[in-house]
Amino acid sequence: MPLLDIQDLSASYGKALALESVSLQVEPGELVGVLGPNGAGKTTLLKAVSRSLAASGTLKLEGRSLLGYAAHEVVGLGICHCPEGRRLFSELSVRKNLELGAYLRSSRQEIAADMDKVLTLFPILRERLDQMVSTLSGGQQQFVAIARALMGRPRLLLLDEPSVGIAHKLKIEIFDAIRTIAASGVAVLMAEQDALNTLRVAQRIYVLENGRIAHQGSSSEMAGDDHIRRIYLGV
Ligand SMILES: Nc1ncnc2c1ncn2[C@@H]1O[C@H](COP(=O)(O)OP(=O)(O)OP(=O)(O)O)[C@@H](O)[C@H]1O
Ligand SMILES: [Mg+2]
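First things first, this report covers the structure right here in the doc.

The rules behind these values
Here the residue numbering is sequential within each chain, running from 1 through the sequence in written order. Chain letters start at A and ligand numbers start at 1, both assigned in the order the entries are written. With pLDDT at 70 or above as the cut-off, local features in this predicted model cover only qualifying residues; side-chain atom pairs require 80 or more to be listed or tallied, and sums for whole chains, interfaces and linings still use all residues. Computation of side-chain values covers all heavy atoms of the structure but excludes hydrogens and water. The buried label goes to any residue with under 20% of its type's maximum accessible area, the exposed label to any with over 50%, and the partly exposed label to all in between, with areas taken from a 1.4 Å probe on protein chains only. The helix and strand labels rest on DSSP assignments: H or I over at least four residues marks a helix, E over at least two residues marks a strand, and numbering proceeds from the N terminus. Here the arc refers to the set of directions running from the helix axis out to each C-beta atom. By definition in these notes, contact holds between two residues if any of their heavy atoms fall within 4.5 Å. Side-chain atoms alone can form a polar contact between residues adjacent in sequence; in general such a contact is a pair of N or O atoms within 3.5 Å, and within protein one must be able to donate a hydrogen while the other accepts it. Strands pair, by our definition, only if DSSP identifies at least two bridges between them. Any N, O or S atom lying within 2.8 Å of the metal counts as a donor, with the limit raised to 3.2 Å for Na, K and Ca; because water is left out of the atom set, some sites can appear incomplete. Whether a residue is near a molecule or strand depends on its heavy atoms: if one lies within 4 Å, it is near. Within this analysis, patches are made of residues with over 30% relative accessible area and no salt bridge. Like charges are joined at 9 Å or less; nonpolar side chains (Val, Leu, Ile, Met, Phe, Trp, Tyr) at 5 Å or less. Here, Shrake-Rupley sampling with a 1.4 Å probe gives the accessible areas, and only protein chains in the shown set may cover a residue. Salt-bridge detection follows one rule: a side-chain nitrogen of Lys or Arg within 4 Å of a carboxyl oxygen of Asp or Glu. Axes here mean lines fitted to C-alpha atoms, for a helix over just the part in contact, with angles spanning 0 to 180 degrees between N-to-C directions.

What follows concerns helix α10 (residues 226-233). Residues of α10 that are buried: Ile 228, Tyr 232 and Leu 233. Along α10, the residues classed as buried sweep out an arc of 75° about the axis, all on the same side. Summarising the geometry of α10, the exposed residues directed more than 90 degrees from the buried face are Asp 226 and Arg 230. Where α10 is buried, its residues touch α8 (195-201), β9 (204-209), β10 (212-218) and α9 (219-223). Two or three places before His 227, at the start of α10, stands the capping residue Asp 225, its side-chain oxygen 2.9 Å from that residue's backbone nitrogen. Looking one or two residues past α10, Gly 234 carries a phi angle of roughly 60°, positive in sign.

Our next topic: the sheet that holds strand β2 (residues 16-26). Strand order in the open sheet formed by four strands is β2-β1-β4-β5, with antiparallel pairing between adjacent strands. Across the chains shown, the open sheet's two edge strands, defined by having one partner strand only, are β2 and β5 (64-65). For strand β1 (residues 4-13) and β2, the ladder comprises seven bridges, and the chain directions are antiparallel. In the sheet register, Ala 11 faces β2, and the bridge partner there is Leu 19.

Let us now look at the coordination of the magnesium ion (ligand 2). Surrounding the magnesium ion (ligand 2) are the protein donor atoms Thr 43 (OG1) and Glu 84 (OE), which sit 1.9 to 2.4 Å from the metal. One end of the pair, Thr 43, is in helix α1 (residues 42-49); the other, Glu 84, is in the loop between β6 (79-82) and α3 (94-100), and 41 residues separate them in sequence. Since its relative accessible area comes to 17%, Thr 43 is described here as buried.

A word on the site of ligand 1. Of all residues adjacent to ligand 1, which total 13 residues, the nearest are Gly 39, Lys 42, Thr 43, Thr 44 and Glu 84. Asn 38 is positioned with one of its side-chain polar atoms (N or O) 2.8 Å from an oxygen atom of ligand 1. No other element matches the three residues that α1 contributes to the shell around ligand 1.

So, on to a nonpolar patch on the surface. Taken together, the side chains of Phe 89, Leu 92 and Leu 100 define a hydrophobic patch exposed on the protein surface, amounting to about 230 Å² of accessible area. The residue Phe 89 is located in the loop between β6 and α3 in this model.

Summed over all chains, the structure comprises 15 salt bridges. The partner of Asp 114 in a salt bridge is Arg 105, with the nearest N and O atoms 2.9 Å apart. The salt bridge partner of Arg 126 is Asp 116, with a shortest N-O separation of 3.1 Å. Placement of Arg 126 in helix α5 (residues 123-127) and of Asp 116 in helix α4 (residues 108-121) is noted, with a sequence separation of ten residues between them.

Turning next to the sheet that holds strand β8 (residues 187-192). Here six strands make up an open sheet; going across it, the order is β6-β7-β8-β3-β9-β10 and the pairing mixed. Every interior strand has two partners, whereas the edge strands, β6 and β10, have only one. Here the average twist between neighbouring strands, direction ignored, is 15°. As judged from the five bridges shared by strand β7 (residues 156-160) and β8, these two strands associate in the parallel manner. Looking at β8, one finds that Leu 157 is bridged to Val 188. α10 contacts β9 and β10 of the sheet and is inclined by roughly 65° relative to β9.

Given below as structure tokens:
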């Protein structure tokens, strides 16, 4: 059974349909990329999965429909959403932001162990634990956003354009960290515009265009597809 099973999912803003009959699956521990141009519906798709936007169709986590759950409830089911624009508490410390990611959990011991894990994944944050988030670089803030989502102990991590606006070197670190997260058993559904790096780290890719899945396949198939190469890789 897939971890996440989406069939014929549609969502709209008022009368404007933003997601039309989308079907997509994520297996446990799989890293799946969603590519597509601006306005394709990537953010809408992730919001529908995390229930921050109403949608119709089939949306199941391990066979259980999510449609009856509210956004704050799906966190408890194991879905953590790292949204576009990060939405961190910028006037609070790195430590406080990470602790807030674990707000639903009660075992202090487990929280401390996970804190240590995310600080091993992003070592620079260990040095900056008591620094206010607003004083970090954009790339470092993205580390905090991903680390905070991990503090919720997700089985499925939703990442919305984690590399946008970030300099090359930190971008590579972010993509490598995301690959490490998936290798540790956390499934990842990641919207991105950086096709090259997404093809590099993801196992499978869906391409969204105008709210519909236009292409899908393994990263190696997609990397060899002429349409994908022309549109998304510019080669
Ligand atoms: N709050 C909203 N109200 C009305 N229309 C919206 C709203 N949010 C998004 N849309 C529209 O829905 C469509 C899909 O937008 P979405 O944000 O999902 O695209 P995206 O693929 O994430 O784009 P980007 O790469 O620019 O982040 C677009 O046509 C957009 O204009
Ligand atoms: Mg978006």
